[in-house]
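Architecture at a glance
Below are the chains, spelled out letter by letter.
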Amino acid sequence: MSSTAISLKQVVNTNKCLIQLEKQGEQLVVHSAIDNLVKGACGQAVQNMNLLFGLEETTGLHLKANAF
């Protein structure tokens, strides 16, 4: 978690989810950022499959698409 503003550059092409907490008066505001091209449903499925089969959690998730 971070107390500074989240930059999208921090999550692009990663499997990370960054979280920022901000207090506004008596309310707590939670900000989060993900790269949904990596951490979408497919990325989550691969991560869960890795855990199921006892592999490193990020196996296969550091690959970049050829189109970019």
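Details of the overall build of the protein chain
- Each helix and strand in the protein chain was counted, giving 1 helix and 2 strands.
- The buried share among the 68 residues of the protein chain stands at 18%.
- Within the protein chain, contacts between residues at least 6 apart in sequence are counted, and of these 17% link residues at least 24 apart.
- For the protein chain, the accessible area works out to roughly 5,500 Å², and carbon and sulfur atoms hold 58% of it.

Section: helix α1 (residues 41-52)
- Compared with the 16 Å implied by 1.5 Å per residue over 12 residues, the 16 Å span of α1 between its first and last C-alpha is a close match.
- By the burial criterion, the buried members of α1 are Gly43, Gln47 and Asn50. Angularly, the buried residues of α1 cover 60 degrees about the axis, an arc narrow enough to put them on a single face. Away from its buried face, by an angle of more than 90 degrees, α1 presents the exposed residues Ala41, Cys42 and Leu52.
- A positive backbone phi angle near 75 degrees is found at Gly54, which sits one or two residues after α1.

Examining the pairing of strand β1 (residues 17-24)
- Relative to strand β2 (residues 27-34), β1 runs antiparallel, the two sharing 8 bridges. Bridge assignment links Lys23 to a residue of β2, and that residue is Leu28.
- Count of turn residues in the β1/β2 antiparallel hairpin: 2 residues, of which Gly25 carries a positive phi of about 65 degrees.

Scoring rules and cut-offs
- Residues numbered from 1 in each chain as written.
- Predicted model: local features only at pLDDT ≥ 70, side-chain atom pairs only at ≥ 80, totals over all residues.
- Heavy atoms only, no water.
- Helix = DSSP H or I, 4+ residues; strand = E, 2+ residues; numbered from the N terminus.
- Buried < 20%, exposed > 50% of the residue type's maximum accessible area, 1.4 Å probe, protein only.
- Contact = heavy atoms within 4.5 Å.
- Areas by Shrake-Rupley, 256 points an atom, 1.4 Å probe, with all protein chains shown as cover.
- Expected span 1.5 Å × (residues − 1).
- Arc of directions from axis to C-beta.
- Pairing = 2+ DSSP bridges.

Honestly, that's just the spatial picture; any functional story needs more than this.
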